[in-house]
Amino acid sequence: MSVGLFRYDRDIKISDSKLVLSENISTENFYENIWSKAAKECDSKLFKDDSEFTVQQIDLVIDDLRKQLNWCEKNLNVGTHDYVYMNSRIIHIIKILDKERNKEGHPFYIF
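K.L.:
Kindly report on the pattern of salt bridges, identifying the contributing residues and their values.
P.N.:
Tallying each qualifying case throughout the model produces eight salt bridges. For R101, the salt bridge identified is with D98, shortest N-O distance 2.7 Å. Residue D98 is classed as partly exposed on the basis of its relative accessible area, which comes to 37%. Via salt bridges that share partners, R7, E100 and K103 belong to a single interconnected network.

K.L.:
Quick one: what's the story with the sheet that holds strand β1 (residues 2-8), residue by residue and with numbers?
P.N.:
What links the strands of a sheet is backbone hydrogen bonding, and the strands pair in either a parallel or an antiparallel sense. With antiparallel pairing, four strands are arranged side by side in an open sheet as β2-β1-β4-β3. Single-partner strands in this sheet number two, and they are β2 (19-27) and β3 (51-53). Averaged over all neighbouring strand pairs, the angle between strand axes comes to 15°, with direction disregarded. Of the pairings in the sheet, the one linking β1 to β2 comprises seven bridges and is antiparallel in character. Looking at the pairing, V3 lines up with S26 of β2. Sheet strands in contact with helix α3 (residues 81-100) are β1, β2, β3 and β4 (108-110), and its direction is about 165° off that of β2.

Each value, and the rule that gives it
- Starting afresh in each chain, residues are numbered from 1 along the sequence in its written order.
- In keeping with the predicted nature of the model, local features appear solely for residues at pLDDT of at least 70, side-chain atom pairs appear and are counted solely at 80 or more, and the whole-chain, interface and lining totals rest on all residues.
- With hydrogens and water excluded, all non-hydrogen atoms of the structure serve as input to the side-chain values.
- When a carboxyl oxygen of Asp or Glu is within 4 Å of a side-chain nitrogen of Lys or Arg, the pair counts as a salt bridge.
- The buried label goes to any residue with under 20% of its type's maximum accessible area, the exposed label to any with over 50%, and the partly exposed label to all in between, with areas taken from a 1.4 Å probe on protein chains only.
- Pairing between two strands is assigned when DSSP locates at least 2 bridges connecting them.
- By the criteria applied, helices consist of DSSP H or I runs no shorter than four residues and strands consist of E runs no shorter than two, each listed in order from the N terminus.
- Angles here are taken between N-to-C directions and fall from 0 to 180 degrees, while the axes themselves are lines fitted to C-alpha atoms, restricted in helices to the stretch in contact.
- The contact criterion used throughout is that any non-hydrogen atoms of two residues lie within 4.5 Å.

And the structure:
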């Protein structure tokens, strides 16, 4: 299993809603053991498991991600698999969110 960033074309509760964005954040194991610790220690408000945010909140989400990137650099050994994995995922997700910034629509979900 994994934790991902998702967006649908309409309310997620509507049975025929279609997935329009699906981006892996990390494996569930990595998220539970490392990423959730970073989110908690960084006091992340929006970029954490079981959250929902809108296009208007993307800047706040990117702020959360930058704090988590800083946490990664301070708490994981540079060059290790965990460091490279988390660092590259955060940078990639920031790029994805930058592309979504101008697309109005339904919220983003992390689960």
